[in-house]
Amino acid sequence: MAAFEYTAIDARGRQKKGIEEGDSSRQVRQALRDRGLAPTSVVHSAAVRNGEAKGSASSYRLGLRRALAPLELALFTRQLATLVAAGLPVEESLATIARQSDKRRVSALVMNVRAQVLEGHSLAAALGEYPSAFAAMYRSTVAAGEQSGYLHAVLNNLADHTDQRFESVRNVQMALFYPVLLFVVSIGIISGLMVYVVPKIVGVFERTGNELPFLTSALIEISGFLRANWWIIAIVVGVLVLVARWLLRQAEFRLAWDHRKLRLPIVGKVVRSGNASRYASTLAILTSSGVPLVDAMHIATEVVTN
């Protein structure tokens, strides 16, 4: 059986989209009709994966190519580890996860992986069809578990690793939330004062006829400049952001920037310790899963951001 992505109309005229398994598109269409749905599009998952789908079914393609969020990956791994450890075959475990997922994109991704498994591919090879969602470390660990015959144990270790990674990401986000919020609010307040409040005070100073202090004059000039040229500033900032993103994609500039970050007083220490921690934990999970040390060291470098 294979996975088909469909678009159908129910009895109330509402459009429904989802995943259905079947031996052919004709069988899937008949199954949808038996459920009271009028299919308008039924596309094989492989067609969507290869970019051959047309119409509404092609909307899945970009979603399937996107990376899974840390929480989504952690939940998927934990569910798969639990079901496989309980004795369920991999294809049934994947089907159960797809049915229980409340996110259509995740459900579609899991069903496409299951379709690959049903076609005779290994789980690692099926995951390899979606490298954006499942990193090389993840796939190599699964492959080692399949080869050793201890897939359930490897998946449990991998689930622990993804859970820890999710917790680390969440802790960092929570730690940065308040400073970022303060920064944004401060910028908003300062901008409001410079654009709306300062111009109203200027008239008061002008009527007095007294010579203004340097700082007050500078503040008034800055306020006038912001009001008159705010659109130029916005364009310049946008261009600078685009240029910075383009430069960071260039290997030579990225290497120089990474070297520079390591030399910064506080940032350098944070970058070194963070990358060392990620590398060590990834290397540990790979070697404990049976991946050869040389291969594990090579794969673990993918989590190093510097």
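Rules used in this analysis
Residues numbered from 1 in each chain as written. Predicted model: local features only at pLDDT ≥ 70, side-chain atom pairs only at ≥ 80, totals over all residues. Heavy atoms only, no water. Domains from an automatic or database assignment. Contact = heavy atoms within 4.5 Å. Buried area = accessible area lost by both parts, 1.4 Å probe. Patch = residues over 30% accessible without salt bridge, like charges linked within 9 Å, V, L, I, M, F, W, Y side chains within 5 Å. Areas by Shrake-Rupley, 256 points an atom, 1.4 Å probe, with all protein chains shown as cover. Salt bridge = Lys/Arg side-chain N within 4 Å of Asp/Glu carboxyl O. Helix = DSSP H or I, 4+ residues; strand = E, 2+ residues; numbered from the N terminus. Buried < 20%, exposed > 50% of the residue type's maximum accessible area, 1.4 Å probe, protein only.

Engineer: Where do I start with the domain arrangement of the protein in this structure?
Structural biologist: Buried accessible area, meaning the area lost when the parts come together, often serves as the stated size of an interface. According to the domain assignment, the protein consists of domain 1 (2-44) and domain 2 (67-210). Each of domain 1 and domain 2 has a C-alpha centre, and the two are 30 Å apart. Counting from both sides, the interface comprises seven residues of domain 1 and, opposite them, eight residues of domain 2. Carbon and sulfur atoms supply 59% of the area that domain 1 and domain 2 bury against each other, a total of about 630 Å² over both sides.

Engineer: Looking at this model, I keep getting lost on a nonpolar patch on the surface. Mind explaining?
Structural biologist: On the surface, Phe177, Tyr178, Leu181, Leu182, Val185, Ile189, Leu193, Tyr196, Val197, Ile201, Val204 and Phe205 cluster together to form a nonpolar patch covering roughly 1,100 Å² of accessible area. Mapped onto the elements of the fold, Tyr178 is located in helix H9 (residues 151-208).

Engineer: Looking at this model, I keep getting lost on the environment of His259. Mind explaining?
Structural biologist: In this structure, His259 sits in helix H11 (residues 251-263). Assessed through its relative accessible area of 42%, His259 is described here as partly exposed. Along the sequence, His259 and Asn306 sit 47 residues apart, while their C-alpha atoms lie 8.2 Å from each other.

Engineer: Is there a simple way to explain the side chain of Ser107 in this structure?
Structural biologist: On the secondary structure map, Ser107 appears in helix H6 (residues 104-118). Excluding residues that lie within four positions of it along the chain, Ser107 makes contacts with Ala98 and Ser101.

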